Structures are given as C-alpha cells and as structure tokens.
Amino acid sequence: MDKTLHIVGGGMAGSEAAWQAANAGLDVVIHEMRPTVETFAHQTGKLAEMVCSNSFRSDDDEQNAVGLLHWEMRAAGSIIMATADKHRLPAGGALAVDREPFSQTVTDTLRALPNVTVVDEEVTTLPTEGHWLFATGPLTSPALGQAIQEISGADRLAFFDAIAPIVYAESIDMDVVWAQSRYDKGETEAEQKAYLNCPMTKDQYEAFIDALLAADKTEFHEGETAGYFDGCLPIEVMAERGRETLRFGPMKPIGLTNAHDPENKPYAVVQLRRDNALGTLFNIVGFQTKMKYGAQTEVFKMIPGLENASFARLGGIHRNTFMNSPTLLDHEMRLRQRPNIRFAGQVTGVEGYVESAAMGLLAARFAIAELTGETLPPAPQTTAMGALVTHITGGAEAKTFQPMNVNFGLFPPVEGLKGGRRGRKDRYQAYTDRAKEDWRNWLAASSVVPA
C-alpha cells in the first residue's frame, strides 16, 4: 500500500497533520498554493502563518475548554503547541504568540524532515486516487470550493471574518493608558501587566458608539451575505445590536483599575495585547472591523490614549468558507462521497487556531491508522478533541450548522453535579479531570501513532 499522505493547505491544521504523519513514518507531501497564489489575509508563503489574532486564547486546562484542548494537543506531541510555547508572549492567562518566529519555526521544522516535501501549487480538484487530507482553511480557493460543491451536492456556506488593527507601541500615550491584565491574572508581573488599557468616560463611550455606527463600512459583493460567526463579530455589528453591547463585550471595564486615576472607575475600557516579542506592536483586542480604512483611523483615534496612534495594520474583512460537515464527513473525517479524502481545520466548521490545528492532528491520526492497517477507536466525546469532532461530524444540527469554538457545552454532562453558575467551577474541573484520563487512554490505545 502507498503510504504517502498528501496534505492540501499549510496552515495550522495542515502543518499539524504533516507533523503527526511524518513522525509516524509516512511520506508527506504538503501542497500549499502560497506564495504562488495569494490570499486576502496572508502576507507570506510560510507555513502556519497567523493572520487574525496572535492569541491561542486561555491556557487554563482545569477551568477552560480551549485550555483543555491545549493540554490534549501537548499530550499528543503537537508541533503547533510546542512552537507556541517556545514563542510565548506575556498575556495574562492566555497563550499569545510572537507570530513571525512562530511561523518561521514551524516552516523550518517541517521542511527539515526528510520524509516531508512542500510543493508550491494550487490544488483545484478532489483526486480519485491516493490518500489526501484537505486543510485549506476558511480561505479555500474558489476553484477548489467549486469542486467540493460539485462532488458533495451541497452549497458552500459562508461567513465573514474581520481582522483587528495593530498599533505601534511608541504611538500609544502611556500617560493615559495603563498596563494591567483583567483581575491582575497571571503568576508573574509580566503576565499581570500583559494588556494595555484605554479608559473611557460615559460621554466618550457614547461619542465613540455614535462614530462607529455612522462610519463608512465595506460593501458586500453581489451574492454575498453577512452571516457572521458570533465569536468574531465586527465591533460595528456588535454596536448595531445595542449601544451597551460593546461595554459588556470587548470593552467591559470589570476587573480593571485605572492606575492614573484609581478612585474613578472607567465606564468602558479598550484593551490592547502585545503582538510581538519586542513589544513594539499591540493589537486592539476584539476590534475586528469592516470599516473602511479612512474611517478606521478617525474612529480609533477617538480612543483615549490612541489620539496619535500609528497603525501597522488596519482591520479588514474577507469571505470565509466552511462545509456542512455533519452531512458530508464520517466520524473519521472522511468525505462520504470519496473516502480517500479527509478534511480538517476551519473548512470543516471549527473556529480558531487551536481548534483548527486539533482537527488536523486528529484527521492525521485517523489517516495514519488507515495507512498502517490499524483500527483507531473514535476520540472519546468526553475529551475536548472528541467533543469537537463529534459536533462537526454529526452532533450538530445540519440545517443550522455554524462554526464552533470548543466549549463545555459540547461535552456530555458529568452525573451528580449541579448545573448553574454556582456549580460551574466544580463542574468544569470534573470535565477536565475526566477528559485528561480518557485522552491518555485513547492515546495509549494506538500502537503506531506516536504521542
């Protein structure tokens, strides 16, 4: 049997899948269209390029589902998590990453493996022979998207992802802004001061909302619909849902005390998170936007402390695609109409860097087992990995299927624990304890896939 695994797409999912397969002894060919074919969001041809945020979100593996997913991936020998840990930046309880060396390290590591070949080409069809794993992400090329649509008989689904702006640190007014993580979270001073905070009074907040609502926005092309993913809404869309929405979302003031004026609590706070190891760049947390560039500079300079801000990158918007996976994929992430092909990553309907990489890891392990003659049991739904793949391959309602981050709502309940907010801490701890035990057992059940 041919033991070559072809992987289409060199993002988070594709890179993780390649690492897993190569370390199991398979020959791997990564087909990556960049830099030959560019995308709206990518700036390089490197593997695992981070294009939206630089954060892998919470790293708490006892009380947070994405932190648990981090733990499971580390236990499975993930290249994405190992590289993220190597290039970690202070971010309170989150795992933020210095994006450029992160991508370079993943690229160099995979290209150095003797059984990995990287081919710069666009794949536009679904092959009928060989073993393939498509991890083309939310920016799947139109030609390949058309091929998926034709073979599956299902229309592509779309949502819009907006990119947050990045500010040069030297242009931030530190006489107004102060450094503090929410609730001073973190074990070190660097972690406890990982965010910069811009305070707003009620009048400043109201003026900001007025400007946000009135700003010129990017127009949609004919045939496109604004079906946003709720976890990555543009700020102006949130503002349109109610004037107080942002104050209970990315601009919430709770857990923060203005170091310049501790007696007066801000009405709202805009947070910035370090975007690189040098600390020269900061991204505006949660400020994805579809405002036009001129409007962005005007509106964002209304934020106290950013009046003279200089932007390394302004926000943008692009169309993302994902499959109706509950109708198209089996429990091993194979395309039902063509089982020599697997899908992984954001194109399957998971949302986020970590979730995408996790599905690449899982799809690769199923492919490894198939190519080496082993039967691999399904990933337990009690684990973060298993909860996600169960959701996208049948657990979700196909008619209303939308992209999903990992969350404890996808996990089977733990018997004997009370619901509600008061019992949440014990409940989450029980989820993570159970998941870790079941994940260790699942990894141990495979004799050919390395952990």
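Now for a quick tour of the structure. (Residues numbered from 1 in each chain as written. Predicted model: local features only at pLDDT ≥ 70, side-chain atom pairs only at ≥ 80, totals over all residues. Heavy atoms only, no water.)

## Regarding the environment of P90
At step 1: Its location among the elements puts P90 in the loop between β4 (88–89) and β5 (94–97).
At step 2: Take P90: its relative accessible area is 19%, and that puts it in the buried class. (Helix = DSSP H or I, 4+ residues; strand = E, 2+ residues; numbered from the N terminus. Buried < 20%, exposed > 50% of the residue type's maximum accessible area, 1.4 Å probe, protein only.)

## Quick look at the pattern of salt bridges
At step 1: Within this structure, the stated rule accounts for 16 salt bridges.
At step 2: Of the charged contacts, one joins R57 and E355 as a salt bridge, the two residues approaching to 2.5 Å between their closest N and O atoms. Taken together, the positions of R57 in strand β3 (residues 55–58) and E355 in helix α11 (residues 353–371) put the pair 298 residues apart, joining distant regions of the chain.
At step 3: You can call E355 buried: its relative accessible area is 0%.
At step 4: Among the ionic pairs, D85 bridges to R74, the shortest N-O distance being 2.7 Å. With a gap of 11 residues between them, D85 in helix α3 (residues 79–86) and R74 in helix α2 (residues 65–75) connect regions that are remote in the sequence.
At step 5: According to the relative accessible area criterion, R74 is partly exposed, its value standing at 31%. (Salt bridge = Lys/Arg side-chain N within 4 Å of Asp/Glu carboxyl O.)

## Side note on the sheet that holds strand β12 (residues 268–274)
At step 1: Strand order across the open sheet formed by 6 strands is β10-β11-β12-β13-β9-β14, with antiparallel pairing between neighbours. The sheet is open, and its two edges are formed by β10 (178–179) and β14 (311–313), each paired on a single side.
At step 2: Note: strand β9 (residues 166–168) against strand β13 (residues 281–284), 3 bridges, orientation antiparallel. Across the sheet, V167 pairs through a bridge with F282, a residue of β13.
At step 3: Strands in contact with helix α7 (residues 202–214) are β11 (195–200) and β12; relative to β11, the strand with the most contacts, it is inclined by about 95°. (Pairing = 2+ DSSP bridges. Contact = heavy atoms within 4.5 Å. Axes fitted to C-alpha atoms, helices over the stretch in contact; angles between N-to-C directions.)

## What to know about the sheet that holds strand β6 (residues 116–120)
At step 1: Reading across from one edge, β6-β2-β1-β7-β17-β16 is the order of the 6 strands in this open sheet, with mixed pairing throughout. Looking along the sheet, the strands with just one partner apiece sit at the ends: β6 and β16 (334–335).
At step 2: Inspection of the sheet shows β16 paired to strand β17 (residues 338–343) by 2 bridges, in the antiparallel sense. Residue pairing for β17: R334 is matched across the bridge by R342.

## With respect to the packing of α2 against helix α13 (residues 424–444)
At step 1: For the pair α2 and α13, the least separation of the axes is 11 Å and the interaxial angle reads 20°. With respect to α13, the element α2 is oriented roughly parallel. Considering the relative orientation of α2 and α13, their crossing is right-handed. Residue-level inspection shows L68, W71, E72 and A75 of α2 in contact with α13, the latter providing T432, A435, K436, W439, R440 and L443.
At step 2: Residue composition of the contact of α2 with α13, by class: 6 nonpolar, 1 polar and 3 charged. (Parallel < 35°, antiparallel > 145°, perpendicular 65-115°, else oblique. Left-handed = near helix turned anticlockwise from the far one by under 90°. Nonpolar A, V, L, I, M, F, W, Y, C, P; charged D, E, K, R; others polar.)

## Points about the nonpolar core
At step 1: Within the largest apolar cluster, 74 residues are counted, with the highest numbers of intra-cluster contacts made by F56, F102, M359 and L362.
At step 2: If near-sequence neighbours (up to four positions away) are discounted, F102 is found in contact with M12, A48, M50, F56, I80, T83, A84, H87 and V97.
At step 3: If you look at the next biggest cluster of nonpolar residues, it comprises 35 residues, including L196, V270, L306 and F311. (Core = buried A, V, L, I, M, F, W, Y, C linked by side-chain atoms within 4.5 Å.)

## Some details on unusual backbone geometry
At step 1: One non-glycine residue with positive phi stands out, namely A48, at about 55°.
At step 2: Relative to the helices and strands, A48 resides in the loop between β2 (27–32) and β3.

## Examining the pairing of β17
At step 1: As defined by bridge partners, strand β7 (residues 131–134) adjoins β17 across 3 bridges and the pair is classed as parallel. What sits directly across from L133, in β17, is R342.
At step 2: The turn joining β16 and β17, which pair antiparallel and follow one another in sequence, is formed by 2 residues.

## A look at α13
At step 1: Counted at 1.5 Å a residue, the expected span for α13 with its 21 residues is 30 Å, and the 30 Å between its end C-alpha atoms agrees.
At step 2: Here α13 has its buried residues at R427, Y428, A430, Y431, T432, A435, K436, W439, W442 and L443.
At step 3: Looking at the buried positions of α13, the neighbouring elements they touch are α2, α11 and α12 (384–395). (Expected span 1.5 Å × (residues − 1).)

## As for helix α9 (residues 293–300)
At step 1: By the burial criterion, the buried members of α9 are A295, Q296, V299 and F300. Each buried residue of α9 lies within a common arc of 115° when the element is viewed along its axis, so the set occupies one face.
At step 2: In this structure, the buried residues of α9 make contact with α7, α8 (235–240) and β14. (Arc of directions from axis to C-beta.)

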